[in-house]
Amino acid sequence: MWEYAPAPESRDIANLKPSYRLFVDGEFVEGAGEPLKTINPATEEVLAEVSTADKNDVDRAVKAARRAYDRVWGKMPGAERAKYIYRIARMMAERSRELAVLESLDNGKPIKEARDVDIPTASAHFFYHAGWADKLGYAGLGPDPKPLGVAGQVIPWNFPLLMAAWKIAPALACGNTVVLKPAETTPLTALVLAEIIQQAELPPGVVNILPGAGDVGAELTNHAGVDKVAFTGSTDVGKLIQRSLAGSGKKLTLELGGKAANVVFDDAPLDQAVEGIVNGIFFNQGHVCCAGSRLLVQESVADEFLEKLHARITTLRIGDPLDKNTDVGAINSREQLTRITELVATGEEEGAEKWVSPCPLPDKGFFFAPTVFAGVSQAMRIAREEIFGPVLSVLTFRTPDEAVAKANNTPYGLSAGIWTDKGSRILWMANQLRAGVVWANTFNRFDPTAPFGGYQESGFGREGGRAGLEAYLDV
Ligand code: NDP
């Protein structure tokens, strides 16, 4: 095993400020809510104090968004809107290094992921949707589709800036205005995005950003002035929102949890599949709604495959997220660490065989060693519930039919992976699997042109691609 010298990225690049404020009607303003302290989950140090919204701030932001919609944005020609959206995309790309370091500090994710995936993909979402703004009449959604009005958007902590981009870019391209609530534990990059939006001279009120806890999210989604709600987060909160919006006439999209099956057949290139399985579950500490958290491996190669998998996982480096060599960073919060620890304990109690990577863990911060459970049966909680951490459950199968039955035996349906040498089997499996996204011989590939979304308890509606525009248009 190689010993790597530390290669930390400088935290000065983040331009961290001691305090951050709400962004309402084009201005940074003090909120009347209880300020929150956002921490670095890798060290538990306070990064900054962030002002939060109360009920009146939500009301002010929604009214600002309505004014901006009625007076400017809703009637602006698409080609003009596109100029602003392109400008945001470019400015994000220009500040990508700063955003990557800030994201890594606030979220705990490895710098190489923030740098190579989160920030470029976030900027790409703005570029992609800017291109649609003047072509909506050609999207197959009618000759002159109209925007909905004010979008209330609530996002989680696992991809803070990327989720903000997924939500804001299509809303703006379609002519809507936005009030967005970032997650309580990761508000910083959304507020730097607000700075970019201000510098891009977007008309005041077109985008408003309100940090705060779940109560701010509830206030926003229930506000009578909101026409469309877009939520990404847990299935429980998604259900709550759906219940409270019933009969309100608001349009709703929900992107919720997942328990994806990653299915490895005996004819798969096993070393390549090992890489894909590792990326599928340990990318972003497993804090990924579409994570490949259930490995289904064909029985004839299961022992060989597990051996290769353990050997590969042993080489993953866990630690300082700002170190460019780090593969697995910190768990985002103490709360999430507790949830992972509890679910892992149920796996052991229910009789699954636990294997833990022998990697050293830092003394401080919220870390969890990559863990693999073998001998998992369908009834166990670790096979059914979203752990949202670096924990893989391994099940086996003998025939393709059994693989399909087991893969689909979940209340979720967000994503799935297939590893095989046979193209015909890929097509057959992809047709059988009840998942919004199916990857073949790869995993966790994100692209703004590809629609993303789920079935069943994974939610409804699509984000990205042409299909994603529909959620922000009156069609
Ligand atoms: P939540 O669903 O609670 O959080 C998502 C967002 O919703 C956050 O901004 C949150 O605010 C906000 N929120 C909370 N309550 C409400 C409400 N009543 N109305 C409107 N908005 C609300 O997820 P958690 O962060 O609590 O994570 C819990 C579990 O959810 C994880 O362990 C994981 O299994 C799953 N999860 C799934 C995600 C996915 O992408 N599929 C993403 C995140 C979590 P606040 O930040 O203050 O909590």
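Residues numbered from 1 in each chain as written. Predicted model: local features only at pLDDT ≥ 70, side-chain atom pairs only at ≥ 80, totals over all residues. Heavy atoms only, no water.

Asker: I'd like a rundown of the packing of aromatic side chains, residues and numbers included.
Answerer: If you walk through the whole model with that rule in mind, you get ten aromatic pairs. Plain terms: the ring middles of Trp-166 and Phe-452 are 5.1 Å apart, the flat faces sit at 70° to each other, and that makes the pair edge-to-face. Residue Trp-166 is located in helix α5 (residues 160–173), and its partner Phe-452 is located in the loop between β18 (437–440) and β19 (459–460); the two are separated by 286 residues in the primary sequence. Exposure remark for Phe-452: the relative accessible area of 5% places this residue in the buried category. In this structure an aromatic cluster arises from ring pairing among Trp-166, Trp-439, Phe-443, Phe-446 and Phe-452. One cation-aromatic arrangement involves Arg-317 over Tyr-4; the distance from NZ or CZ to the ring centre is 3.8 Å. Against the face of Tyr-455 rests Arg-434, its NZ or CZ located 4.1 Å from the ring centre. (Phe/Tyr/Trp six-rings, centres within 6.5 Å; stacked < 30°, edge-to-face > 60°. Helix = DSSP H or I, 4+ residues; strand = E, 2+ residues; numbered from the N terminus. Buried < 20%, exposed > 50% of the residue type's maximum accessible area, 1.4 Å probe, protein only. Lys NZ or Arg CZ within 6 Å of the ring centre and 35° of its normal.)

Asker: Which residues make up the sheet that holds strand β17 (residues 415–419), and what values do they have?
Answerer: Here we have seven strands laid out as an open sheet, ordered β14-β15-β16-β13-β12-β17-β18, and mixed in their pairing. Both edges of this open sheet fall to β14 (353–356) and β18, since each of them pairs with a single strand only. Taken over all neighbouring pairs, the strand axes of this sheet differ in orientation by 20° on average, direction set aside. Inspection of the sheet shows β14 paired to strand β15 (residues 371–374) by four bridges, in the antiparallel sense. For Trp-355, the partnering residue across the bridge sits in β15 and is Val-372. Set on the sheet, helix α11 (residues 334–349) makes contact with β14, β15 and β16 (391–397); between it and β15 the angle comes to about 25°. Across the face of the sheet, helix α13 (residues 400–407) comes into contact with β12 (261–264), β13 (294–298) and β16 while running at roughly 170° to β13. (Pairing = 2+ DSSP bridges. Axes fitted to C-alpha atoms, helices over the stretch in contact; angles between N-to-C directions. Contact = heavy atoms within 4.5 Å.)

Asker: An account of the site of the ligand is needed here, citing residue identities and associated values.
Answerer: With respect to spatial proximity, 27 residues lie near the ligand, and among them Ile-155, Trp-157, Glu-184, Ser-234 and Arg-339 are the closest. Contacts to the ligand include Gln-336, whose side-chain N or O atom sits 3.0 Å from an oxygen atom. For the ligand, an oxygen atom lies 3.0 Å from a polar atom in the side chain of Glu-386. Protein chains shield 86% of the accessible area of the ligand, which is 850 Å² for the free molecule. Listed by contribution, the elements that provide at least two residues to the shell around the ligand are α7 (214–222), β10 (228–232), α8 (235–245) and α11. The element best represented in the shell around the ligand is α7, accounting for three residues. Its residues assigned to classes, the shell around the ligand shows 14 nonpolar, nine polar and four charged. Structurally, the shell around the ligand is a two-domain feature, drawing no fewer than three residues from each of domain 1 (12–256 + 455–472) and domain 2 (261–440). (Near = heavy atom within 4 Å. Polar contact = N/O pair within 3.5 Å; in protein donor to acceptor, adjacent residues only side chain to side chain. Areas by Shrake-Rupley, 256 points an atom, 1.4 Å probe, with all protein chains shown as cover. Nonpolar A, V, L, I, M, F, W, Y, C, P; charged D, E, K, R; others polar. Domains from an automatic or database assignment.)

Asker: Please give an account of the domain arrangement of the chain that cites residues and values.
Answerer: Taken domain by domain, the chain holds domain 1 (12–256 + 455–472) and domain 2 (261–440). Tallying the contact residues gives 31 residues for domain 1 and 34 residues for domain 2. Buried surface at the junction of domain 1 and domain 2, summed over both partners, amounts to about 2700 Å²; 55% is from carbon and sulfur atoms. Counting across the domain 1 and domain 2 interface gives two salt bridges. Residue Arg-334 is joined to Glu-44 by a salt bridge in which the shortest nitrogen-to-oxygen separation is 2.9 Å. (Buried area = accessible area lost by both parts, 1.4 Å probe. Salt bridge = Lys/Arg side-chain N within 4 Å of Asp/Glu carboxyl O.)

Asker: Run through the sheet that holds strand β5 (residues 46–50), naming residues and quoting values.
Answerer: The strands making up a sheet associate through hydrogen bonds between their backbones, and the pairing can be parallel or antiparallel. Read from one edge of the open sheet, three strands run β1-β5-β4, paired in mixed fashion. Both outer strands of the open sheet, β1 (19–20) and β4 (36–39), are each paired with one neighbouring strand and no more. Sheet topology places β4 next to β5; four bridges connect them, and they run antiparallel. Bridged to Leu-36 within β5 is Val-50. Helix α3 (residues 96–107) contacts β1, β4 and β5 of the sheet and is inclined by roughly 105° relative to β4. Helix α6 (residues 188–199) rests against β1, β4 and β5 of the sheet, and its axis sits at about 55° to β5.

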